[in-house]
Amino acid sequence: MTSKSAAASEASVGDQLSYLLTLSRPRFWLYLAGPVVVGVAYAAASVDDLFTPATIALFAYFLLPANVFLYGINDVYDREIDAANPKKDDRETRYRGQQYVPLAVGLCGALPLLFAPLLARAAIPWLVAFLLLGAAYSAPPARFKTTPLLDSLSNGLYITPGAAAYAAVSGTQPPLLAIAGGWLWAMGMHTFSAIPDIEPDRETGIRTTATVLGEHRTYGYCAGCWLASAAAFGTFDVRLGALMLVYPGLVAAIATASVAVDRAYWWFPAINTVVGALLTMGGLWRLLYG
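Computed from a predicted model, the values in this text were never measured in an experiment.

Chemist: Tell me about the environment of L17, and name the residues and values.
Modeler: Turning to its location among the elements, L17 is positioned in helix α1 (residues 3-23). With 147 residues separating them along the chain, L17 and A164 place their C-alpha atoms 28 Å apart.

Chemist: Any chance you could break down the layout of surface pockets for me, citing the residues and the numbers?
Modeler: A volume near 780 Å³ is recorded for the largest pocket. Put simply, the parts of the chain that give the lining of the largest pocket at least two residues each are α2 (29-43), α10 (160-170), α11 (176-193), α13 (209-236), α14 (238-244) and α17 (268-289). When residues in the lining of the largest pocket are grouped by element, the largest group, nine residues, is from α17. In terms of residue class, the lining of the largest pocket is built from 25 nonpolar, eight polar and two charged.

Chemist: Explain the domain arrangement of the protein chain residue by residue, including any values.
Modeler: Interfaces are often described in size by the accessible area the parts lose on coming together. The assigned domain composition of the protein chain is domain 1 (18-172) and domain 2 (175-289). Summarising the inter-unit geometry, the C-alpha centres of domain 1 and domain 2 are found 19 Å apart. Listed as interface residues are 38 residues of domain 1 and, on the opposing side, 36 residues of domain 2. Between domain 1 and domain 2, a total of about 3,100 Å² is buried, with carbon and sulfur atoms accounting for 68% of that surface. For the interface between domain 1 and domain 2, the tally reads zero salt bridges. Counting across the interface, domain 1 meets domain 2 through 13 residue pairs in polar contact (both at pLDDT 80 or more). Where the side of domain 1 that touches domain 2 is concerned, the elements lending two or more residues are α2, α8 (124-138) and α9 (150-153). Residue contributions to the side of domain 1 that touches domain 2 peak at seven residues, all from α2. For the side of domain 1 that touches domain 2, the residue count by class is 25 nonpolar, seven polar and six charged.

Chemist: A description of the pattern of salt bridges should follow, citing residues and the corresponding values.
Modeler: In the structure shown here, the tally under the stated rule is three salt bridges. For the salt bridge of R239 with D237, the shortest nitrogen-to-oxygen distance reads 3.0 Å. Look at R239 and you get exposed, because its relative accessible area is 63%.

Chemist: Break down a nonpolar patch on the surface for me, with residues and values.
Modeler: A surface patch of nonpolar side chains, about 500 Å² in accessible area, is lined by V47, W285, L288 and Y289. Its location among the elements puts L288 in helix α17.

Chemist: If you had to explain helix α3 (residues 53-63) to someone new, which residues and values would you point to?
Modeler: Of the residues making up α3, those classed as buried are A54, T55, A57, L58, Y61 and F62. Projected down its long axis, α3 carries its buried residues within an arc of 165°, all on one side. Residues of α3 that are buried in the fold lie against α2, α4 (65-77), α6 (100-110), α7 (112-115), α8 and α10.

Chemist: Could you give an account of the packing of aromatic side chains, naming the residues involved and the relevant values?
Modeler: On inspection of all chains with the given rule, the structure shows 18 aromatic pairs. A centroid spacing of 6.1 Å and a plane angle of 65° characterise the contact between F28 and Y265, whose relative ring orientation is edge-to-face. Of this pair, F28 sits in the loop between α1 and α2 while Y265 is found in the loop between α16 (261-264) and α17, placing the two residues 237 residues apart along the sequence. Comparing F28 with Y265, the two get one shared label, buried. Here a set of aromatic residues connected by ring pairs shows up, and it is made of W185, F192, Y219, W226, Y247 and F268.

Chemist: Account for the nonpolar core, naming residues and giving values.
Modeler: Within soluble globular proteins, side chains that are nonpolar generally end up buried alongside one another. Among the nonpolar cores identified, the biggest contains 73 residues, and L58, F62, F130, F192 and W226 are the most heavily contacted of them. In terms of residue count, α13 provides more of this core than any other element does, seven residues in total. The two domains that each donate at least three residues to this core are domain 1 (18-172) and domain 2 (175-289). Excluding residues that lie within four positions of it along the chain, F192 makes contacts with Y219, C222, W226, V251, I254, V261, Y265 and F268.

Chemist: Got a sec to walk through the packing of α8 against α10? Specific residues and values, please.
Modeler: Running from amino to carboxyl end, α8 crosses α10 at an angle of 165°, the nearest separation of the two axes being 8 Å. In this view, α8 runs roughly antiparallel relative to α10, as classed from their interaxial angle. Here α8 runs over α10; the crossing is left-handed. For the pair α8 and α10, contact is made by W126, A129 and F130 and by T160, A163, A164 and A167, respectively. Here the contact of α8 with α10 is composed, by residue class, of six nonpolar, one polar and no charged.

Reading the values: the criteria
Residues numbered from 1 in each chain as written. Predicted model: local features only at pLDDT ≥ 70, side-chain atom pairs only at ≥ 80, totals over all residues. Heavy atoms only, no water. Helix = DSSP H or I, 4+ residues; strand = E, 2+ residues; numbered from the N terminus. 1 Å grid on protein atoms, 1.4 Å probe; cavity = no way out; pocket = protein on both sides within 12 Å on 5 of 7 lines; lining within 4 Å. Points joined across faces, edges and corners; volume = space filled by probe spheres on them. Nonpolar A, V, L, I, M, F, W, Y, C, P; charged D, E, K, R; others polar. Domains from an automatic or database assignment. Contact = heavy atoms within 4.5 Å. Buried area = accessible area lost by both parts, 1.4 Å probe. Salt bridge = Lys/Arg side-chain N within 4 Å of Asp/Glu carboxyl O. Polar contact = N/O pair within 3.5 Å; in protein donor to acceptor, adjacent residues only side chain to side chain. Buried < 20%, exposed > 50% of the residue type's maximum accessible area, 1.4 Å probe, protein only. Patch = residues over 30% accessible without salt bridge, like charges linked within 9 Å, V, L, I, M, F, W, Y side chains within 5 Å. Areas by Shrake-Rupley, 256 points an atom, 1.4 Å probe, with all protein chains shown as cover. Arc of directions from axis to C-beta. Phe/Tyr/Trp six-rings, centres within 6.5 Å; stacked < 30°, edge-to-face > 60°. Core = buried A, V, L, I, M, F, W, Y, C linked by side-chain atoms within 4.5 Å. Axes fitted to C-alpha atoms, helices over the stretch in contact; angles between N-to-C directions. Parallel < 35°, antiparallel > 145°, perpendicular 65-115°, else oblique. Left-handed = near helix turned anticlockwise from the far one by under 90°.

Below you can see the structure in the form of structure tokens.
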């Protein structure tokens, strides 16, 4: 291979990796990796439990490969819909039939086979749940994202990394109320994120919870999910419930203010990072100071 062709090959590989990086939605990486940190913080019985081969493997997987898996499937099966989606013009990227994308998605889906032996048996069902729900959300025949309510319910998949991490560290399942609270939060977050897509989805004939309810009733649905989430966490720990009230407060403010929802939508990665950090600090405080 000549130096010129080698350089072209390297550039091609670099372009592919750059595309996969953009496809993975770096703004949203902590939506999957963050719950791992929270789950570890609350499951740990000692400082030594925080950094183990299992916890490091889970965090690394859900930081990047899991996002390539999740959003890659989404982009492959949403190719026609995304042609009319304005979010793909600048903040995201459009899938254009590149053959390496399904291959990368498949590899990222198979990657847990490498580190599954490091995990407690109680964690495995949560990994399986993530992979099944992540695929079924976008891929036929299930394609939950086009079925109102199921699109919202299936997005509990975002709490499965935290549940897997908790189970990997403790060897037991997370508290039921914590699972319920996290699942309801994810339902509200997903449906809120679908509000900017209402018009593009309607134009392409896609039915979602948001397209059926319309913008204003979707705000109410999100507020209801987040209030129920706060109640579930509050039953588990009143301080956690109080923290989660930030979400219904935010949706009420956005619904009544003159702020475009497609602008407010991009605030949430930062908001969720702050809330996740506070949740993690609570778990670490418990660990360090009892």
